[in-house]
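Structural overview for review
Residue-level listing of the chains:
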Amino acid sequence: MPELPEVETLRRQLNEIIVGGTIICTRVLDQRIGNIDGLSKRKVMSVERHGKRLKIVLDGDIEVLFHLRMTGRLYWSADNELQPPHLRFVMTFSSGRLFLIDPRRFATVSVRARENQCLAGRDAWMRWDPAVLEDASRGRKRPVKSFLMDQDVIAGIGNIYACEILFRAGIHPCRKACDVSQAQWSRIAESMTAVLSEAVSCRGTTFSDWRDLFGNKGEYQNRVHVYGRKDQACRHCGSTIQRTAIGGRGTFFCPHCQAL
DNA sequence: CCCTATGTTCCCAA
DNA sequence: CTTGGGAACATAGG
């Protein structure tokens, strides 16, 4: 269930392995994926990421776009016999095979011409001018947490990192986006960079499903301050971490460090 | 049986 | 137009 740091981890690992390689063939094992044609003999030019989307850029200005949604995984195998459960798509190289595995079958794969840029929001893992966030939030009465998770505004932040970013910034997740002050947007901008950078360094957060390209867990679960910590003591002030729901998603916060 | 789940999209109602 | 809620997608785990 990858968010930006998990997808970035996969991008880095794939970049080391498949750039310069040539696709021998592809195979779709789940018709829900749809037809993926015309990739054989194409060379991998680069592996890129935008928000939670991963792009394998091929020669001929074609790109393969992956979105892993909730339970999608990418796994690299040099074993020619291996066929794991829930295997949905395979991309074969001379050096090994790239698997898309997904029990819930929500993940998507598509092929398109390289240039058409998606209209989605700017990537979360870059320097954000607080004024841009403030402008975008003007008149928005929705909770600031929903605002941070809106992929059309900021691409890449999901439920775990939204909770962690707001904790670091000291802002209650239920606060209306339009009521967040200029100083608070500055703290949010700083927290986005800091939290996402640390999570990328940790190769993501493994509470249950997340594994990297080689099946390894991430480490950021050992560093979270609020996510999944209901009824535990806040690492800063000792208050009891609370859980509520925003947009149907579990939302964790410290009532003292993140006063409304 | 119940509830929850790191995502997205769609419909409906206020 | 904005927003939230609920359902849908399909499955595993506590």
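Anything mentioned here points back to the structure above.
Here the structure is a predicted model, which means the values were calculated and not measured. (Residues numbered from 1 in each chain as written. Chains lettered and ligands numbered in written order. Predicted model: local features only at pLDDT ≥ 70, side-chain atom pairs only at ≥ 80, totals over all residues. Heavy atoms only, no water.)

Within chain A, the secondary structure is distributed over five helices and 12 strands. For 260 residues, the compact-globule estimate of 2.2 N^0.38 gives 18 Å, and the C-alpha radius of gyration of chain A, at 20 Å, lies within 12% of that figure. With the C-alpha coordinates of chain A rotated into their principal frame, the extents come out at 55 × 35 × 30 Å. When burial is assessed residue by residue, chain A has 49% of its 260 residues classed as buried. Excluding contacts between residues fewer than 6 apart, the proportion of contacts in chain A whose partners are at least 24 apart in sequence is 61%. Within the structure as shown, chain A displays about 12,200 Å² of accessible surface, and the carbon and sulfur contribution to it stands at 46%. A distance of 4 Å separates the average location of the 39 positive side-chain charges in chain A from that of its 28 negative side-chain charges. (Helix = DSSP H or I, 4+ residues; strand = E, 2+ residues; numbered from the N terminus. Rg over C-alpha atoms; globule rule 2.2 N^0.38 Å. Buried < 20%, exposed > 50% of the residue type's maximum accessible area, 1.4 Å probe, protein only. Contact = heavy atoms within 4.5 Å. Areas by Shrake-Rupley, 256 points an atom, 1.4 Å probe, with all protein chains shown as cover. Lys, Arg positive; Asp, Glu negative; His and termini not counted. Charge placed at Lys NZ, Arg CZ, Asp CG, Glu CD.)

Surrounding DNA strand C, one finds Arg-32, His-86, Pro-103, Arg-104, Arg-105, Phe-106, Gly-139, Arg-140, Lys-141, Arg-142, Pro-143 and Gly-247. In the interface set of DNA strand C, defined as its atoms within 4 Å of the protein, sugar plus phosphate atoms amount to 66%. Class assignment for the residues of the surface near DNA strand C results in three nonpolar, three polar and six charged. (Near = heavy atom within 4 Å. Nonpolar A, V, L, I, M, F, W, Y, C, P; charged D, E, K, R; others polar.)

Turning to the packing of aromatic side chains, a few remarks are in order. Tallying each qualifying case throughout the model produces six aromatic pairs. Among the aromatic residues, those joined into a cluster by ring pairs are Phe-207, Tyr-227 and Phe-252. Its guanidinium or amino end placed over the ring of Trp-128, Arg-122 lies 4.6 Å from that ring's centre, counting from NZ or CZ. (Phe/Tyr/Trp six-rings, centres within 6.5 Å; stacked < 30°, edge-to-face > 60°. Lys NZ or Arg CZ within 6 Å of the ring centre and 35° of its normal.)

This paragraph deals with the protein's contact with DNA strand B. Surveying the vicinity of DNA strand B reveals 21 residues, the closest of which are Met-1, Lys-52, Phe-207, Ser-208 and Arg-243. Of all atoms in DNA strand B that approach within 4 Å of the protein, 59% are sugar or phosphate atoms. Ser-208 places a main-chain nitrogen or oxygen 2.7 Å from a base oxygen of DNA strand B. Between DNA strand B and Arg-249 there is a distance of 2.9 Å, counted from a phosphate oxygen to a side-chain nitrogen or oxygen. Looking at the surface near DNA strand B, the elements that each hand over two or more residues are α4 (159-169) and β12 (249-253). (Polar contact = N/O pair within 3.5 Å; in protein donor to acceptor, adjacent residues only side chain to side chain.)

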